[in-house]
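Single-letter residue listing:
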Amino acid sequence: MELSKDTQNDYQKYSKKVIPVFGKMKPDNIKPEHIRKYMDKRGLKSRTQANTSFAQN
């Protein structure tokens, strides 16, 4: 399945926020509490952006 250009652009945009936080972690090691902590911190700036960072992935 090929992603649309808009979806690819969105993923690249959101990855700039997520990769610095989780980039060195193995995906299997990322737990719900890590995501919640990230979303809480992101939500201080923008609740919509915090949710969107993970809703797209």
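Everything quoted here is computed from the prediction, not taken from an experiment.

### Focus on the overall build of the protein chain
The helix and strand tally for the protein chain stands at 3 helices and 0 strands. Counted from the first residue to the last, the protein chain has its helices and strands arranged as α-α-α. Counting only residues that meet the buried cut, the protein chain has 16% of its 57 residues in that class. Accessible surface, the protein chain as shown: approximately 4900 Å² in total, 52% of it carbon and sulfur.

### Points about the pattern of salt bridges
Following the criterion strictly, the structure yields 1 salt bridge and no others. Taking the shortest distance from any N to any O, the salt bridge between Asp 40 and Arg 36 comes out at 3.3 Å. Of this pair, Asp 40 and Arg 36 both sit in helix α2 (residues 32–45), separated by 4 residues, roughly a single helical turn. Overall, Arg 36 belongs to the partly exposed group, its relative accessible area being 46%.

### Things to note about the confidence of the model for the protein chain
This prediction gives the protein chain a mean pLDDT of 82; 75% of its residues lie at or above 70. Between the elements of the protein chain, mean pLDDT differs from a low of 60, seen in helix α3 (residues 47–55), to a high of 91, seen in helix α1 (residues 5–22).

### Let's talk about α1
Its 18 residues give α1 an end-to-end C-alpha distance of 24 Å, which sits within 8% of 26 Å, the value for a rise of 1.5 Å per residue. Where α1 bends most, at Ser 15, the angle is about 40°. Within the span of α1, buried status applies to Tyr 14, Val 18 and Phe 22.

Conventions we followed
Residues numbered from 1 in each chain as written. Predicted model: local features only at pLDDT ≥ 70, side-chain atom pairs only at ≥ 80, totals over all residues. Heavy atoms only, no water. Helix = DSSP H or I, 4+ residues; strand = E, 2+ residues; numbered from the N terminus. Buried < 20%, exposed > 50% of the residue type's maximum accessible area, 1.4 Å probe, protein only. Areas by Shrake-Rupley, 256 points an atom, 1.4 Å probe, with all protein chains shown as cover. Salt bridge = Lys/Arg side-chain N within 4 Å of Asp/Glu carboxyl O. pLDDT = per-residue confidence, 0-100. Expected span 1.5 Å × (residues − 1). Bend = angle between axes of the 7 residues up to and from the residue.

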